[in-house]
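Chain by chain, the residues run as shown.
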Amino acid sequence: MSKPRRPPWPSRSRSRSDELSITRYIDASPETVYRVWTERTGEWWCPKPWTTPVVEWDLKAGGRAFTVMRSPEGEDMPHDRLFLEVVPNEKVVFTKAFTAGWNPQVLSGEGCDFGMVAIMTFEAEGDGTRYTARARHWDEEALKAHEAMGFHEGWGQVANQLAELAEAEEATESQAA
């Protein structure tokens, strides 16, 4: 039986007035996608040619979610967040509103320093995973800023990078079995 063809690119949606989201089918199990999402984060977290040289995550509710993204010119952009919910192989939720210890974070509103909650889900679909990344914003101004800075293109590209790694890992595991 042949697998149904799914588009290899993320689709966009805007189901809520405060939310931007992308969704993409990944031809790998939710367990593989989640493992790559959590263990190989530095390889896919930001759109290439940017890199993520620092990933310090404590994957639990209340745990720290710290990353440093580096521009091609060498400029570092640290992002300190807090995990709100972690359900292995199913869902990860984090926010910029707090840092570790539930300390409120003052956000400048400049660049990508605005209030939001990110919700990532890994849902079984056929032989693969429906990966959905949502960003819910405090207000319309933050949503518009995030959209204008290239949310769909950037988060779409990282979803593709994640898919490439997860599908390759799943293929390697299948060949080894």
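Residues numbered from 1 in each chain as written. Predicted model: local features only at pLDDT ≥ 70, side-chain atom pairs only at ≥ 80, totals over all residues. Heavy atoms only, no water.

**Describing the confidence of the model for the protein**
Scored by pLDDT, the protein has a mean of 88; 87% of the residues are at 70 or more. This stretch, residues 1-9, has a pLDDT under 50; its non-local contacts, to residues over four places away or in other chains, come to 10 contacts. (pLDDT = per-residue confidence, 0-100. Contact = heavy atoms within 4.5 Å.)

**A short note on the nonpolar core**
If you look at the biggest cluster of nonpolar residues, it comprises 36 residues, and the most contacted ones within it are Trp 37, Trp 44, Met 120, Tyr 131 and Trp 155. When sequence neighbours within four positions are dropped, the list of residues in contact with Met 120 reads Trp 37, Glu 90, Lys 91, Val 92, Phe 94, Tyr 131, Thr 132, Ala 133 and Trp 155. (Core = buried A, V, L, I, M, F, W, Y, C linked by side-chain atoms within 4.5 Å. Buried < 20%, exposed > 50% of the residue type's maximum accessible area, 1.4 Å probe, protein only.)

**Quick notes on the pattern of salt bridges**
By the definition in use, this model includes 13 salt bridges. Salt-bridge contacts for Glu 169 lead to Arg 40; the nearest nitrogen and oxygen are separated by 3.0 Å. Note that Glu 169 is positioned in helix α3 (residues 151-176) and Arg 40 in the loop between α1 (30-39) and β3 (51-57), a separation of 129 residues in sequence. A salt bridge links Arg 64 to Asp 80, with the shortest nitrogen-to-oxygen separation between them at 3.0 Å. Of this pair, Arg 64 sits in strand β4 (residues 64-70) while Asp 80 sits in strand β5 (residues 76-87); the two residues are 16 residues apart in sequence, bridging distant segments of the chain. Residue class for Arg 64 comes out partly exposed when judged on its relative accessible area of 28%. Via salt bridges that share partners, Arg 35, Arg 40, Glu 43 and Glu 169 belong to a single interconnected network. (Salt bridge = Lys/Arg side-chain N within 4 Å of Asp/Glu carboxyl O. Helix = DSSP H or I, 4+ residues; strand = E, 2+ residues; numbered from the N terminus.)

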